[in-house]
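Structure at a glance
The residues making up each chain are set out below.
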Amino acid sequence: MPLLGLGSGVILQYRLLGSTGLMVSNLCFGVLTIGPLQANLSIAEGAAVVEYALGKGVNFLDTAECYGTYQYIRKALDSQRYKPVIVSKSYAYTAQGMKDSVERALDEMELPVIDVFMLHEQESEKTLEGHREALEFLVQAKTRGYIKAIGISTHSIAGVMAGADHPLVEVIHPLINCAGIGIMDGTPQSMAAAIQYARLREKGIYAMKALAGGNLIGQAYEAFAYVRDIPGLASVAVGMQSLDEVDLNLTWFAGKRDENLEQRVAKSPRRLLIEEWCEGCGSCVEACRYQALELHNGRVIVDQSRCALCGYCSAYCPQFCVKVV
Ligand code: SF4
Ligand code: SF4
């Protein structure tokens, strides 16, 4: 297995992403966290965090059209001699919609080609069928050299199984964490089994939400170790928003600890984020022992002054709306 020493004793591994021919670091930078939906760093600040990670050997960036982070990546790439492997995604389901999405990604990141383009959040064989037109456009885009591989992201075991059995899907980006938070239809064990099934069909697989949207931050080392060691995964996408977080994730991915770094990162200010797709079902409100949540105009809102960031409420949300950022 190829290895890269980073001087500080931290070592990343590089693995083939299924049959795509792309070689990726086992730590992938999930760019969502630096952008407007989460930390909302300036373009210069966010790009600097990405550049720092690339300089440390991370060669794999995960983004999506809806994250609003293309400008950060474009700026980070200015200083790079070698282009990292870049994945983007779109919710488009028509051919025209997907064409617009691919063109926007190419334009805004100023790239001649995107390594992997995905259908965002596929739940099952049925949703894949519902996106047939968009998928057919991705096949054309691949034939014309605008993308190198086609993939799907998914929060469900049924989505992984559908991708595994689909001849056009080459890369799968599933949600898995040791607590099973956010998996729509089963346990971490059954998701890990689906990942194995997909890997045996030569799909390239990299995981998301190892910390369950920040809810496992208090046990991050163990949570990362769980996902890092799942057989069949080429990489794990992790959101990072500071240079210290990059260093800490690199340390953890090497199976090491650094108490000073852990303490510094633990002191970074955090908040509870309720995603805009909250349906106002109220399950999380009842689950909070600190009375930090209430329903307002059909959505839940957080009183940050009461919230202890325990993450307990997130397990009650069927929509995976609750994140610690
Ligand atoms: S994270 Fe904990 S304290 Fe904060 S709203 Fe959720 S359950 Fe309540
Ligand atoms: S459980 Fe999720 S969908 Fe329901 S109110 Fe809470 S955040 Fe919204």
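A quick note: this is a predicted structure, and the numbers were derived from the prediction, not measured.

A look at the overall build of the protein chain
A tally of regular secondary structure across the protein chain gives eleven helices and 15 strands. Taken against the 2.2 N^0.38 rule, which gives 20 Å for 325 residues, the C-alpha radius of gyration of the protein chain at 19 Å falls within 12% of a compact globule. Seen along its three principal axes, the alpha-carbon backbone of the protein chain occupies a region of about 55 × 50 × 35 Å. A separation of at least 24 residues holds for 70% of the contacts in the protein chain among residues at least 6 apart in sequence.

Some points on the sheet that holds strand β10 (residues 204-207)
Taken in spatial order, the eight strands line up as β4-β5-β6-β7-β8-β9-β10-β11 and close into a barrel, and their pairing is parallel. Sheet twist, expressed as the average angle between the axes of neighbouring strands with direction ignored, equals 30°. Sheet topology places strand β5 (residues 60-62) next to strand β6 (residues 85-90); three bridges connect them, and they run parallel. Along β6, the bridge assignment pairs Leu-61 with Ile-86.

Focus on the pairing of strand β8 (residues 147-154)
Regular strands have side chains that alternate between both faces of the sheet. Burial of β8 is extensive: eight of the eight residues sit out of reach of the surface. One ladder, built from five bridges, connects strand β7 (residues 114-119) with β8; its direction is parallel. Each residue of the ladder has a partner; that of Met-118, found in β8, is Gly-151. Strand direction decides the pairing type here: β8 and strand β9 (residues 171-174), joined by four bridges, are parallel. By the bridge assignment for β9, Gly-151 is matched with Val-171. With helix α6 (residues 157-165) bridging β8 and the parallel β9, this β-α-β connection has right-handed handedness.

Digging into the site of ligand 1
Taken together, 14 residues form the shell around ligand 1, and within it Cys-288, Ala-292, Cys-307, Cys-310 and Cys-313 come nearest. Within the shell around ligand 1, the residues separate by chemical class into 13 nonpolar, one polar and no charged.

Some details on the domain arrangement of the protein chain
You can read the domains of the protein chain as domain 1 (3-266) and domain 2 (272-324). Taken over C-alpha atoms, the centre of domain 1 sits 26 Å from the centre of domain 2. With nine residues of domain 1 at the interface, the matching set in domain 2 holds eight residues. Tallied by class, residues from the side of domain 1 that touches domain 2 come to three nonpolar, six polar and no charged.

A word on the site of ligand 2
Around ligand 2, 14 residues are found, and the nearest of them are Cys-278, Cys-281, Cys-284, Cys-317 and Cys-321. Per-class residue counts for the shell around ligand 2 are nine nonpolar, four polar and one charged.

What to know about the nonpolar core
Note that soluble globular proteins tend to have their nonpolar side chains buried in a common cluster. Val-50, Ile-73 and Val-236 are the most contacted members of the largest nonpolar core, which has 85 residues in total. Contact partners of Val-50, with chain neighbours within four places excluded, come to Phe-29, Val-31, Leu-61, Tyr-72, Ile-73 and Ala-76. Judged by nonpolar contacts, the second largest core, of eleven residues, contains Cys-288, Ala-292, Cys-313 and Cys-317.

Considering the packing of helix α1 (residues 43-55) against helix α2 (residues 70-78)
Running from amino to carboxyl end, α1 crosses α2 at an angle of 55°, the nearest separation of the two axes being 8 Å. Considering their axes alone, α1 and α2 lie oblique with respect to each other. α2 is crossed by α1, and the crossing has right-handed handedness. Across the interface between the two elements, Ile-43, Gly-46, Ala-47, Val-50, Glu-51 and Leu-54 from α1 touch Gln-71, Tyr-72, Ile-73, Lys-75 and Ala-76 from α2.

Analysis parameters
Residues numbered from 1 in each chain as written. Chains lettered and ligands numbered in written order. Predicted model: local features only at pLDDT ≥ 70, side-chain atom pairs only at ≥ 80, totals over all residues. Helix = DSSP H or I, 4+ residues; strand = E, 2+ residues; numbered from the N terminus. Rg over C-alpha atoms; globule rule 2.2 N^0.38 Å. Contact = placed C-beta atoms within 7 Å. Pairing = 2+ DSSP bridges. Axes fitted to C-alpha atoms, helices over the stretch in contact; angles between N-to-C directions. Buried ≥ 20, exposed ≤ 12 C-beta atoms within 10 Å, placed from the backbone. Right-handed = clockwise from strand over helix to strand, strands pointing away. Near = placed C-beta within 6 Å. Nonpolar A, V, L, I, M, F, W, Y, C, P; charged D, E, K, R; others polar. Domains from an automatic or database assignment. Core = buried A, V, L, I, M, F, W, Y, C linked by C-beta atoms within 7 Å. Parallel < 35°, antiparallel > 145°, perpendicular 65-115°, else oblique. Left-handed = near helix turned anticlockwise from the far one by under 90°.

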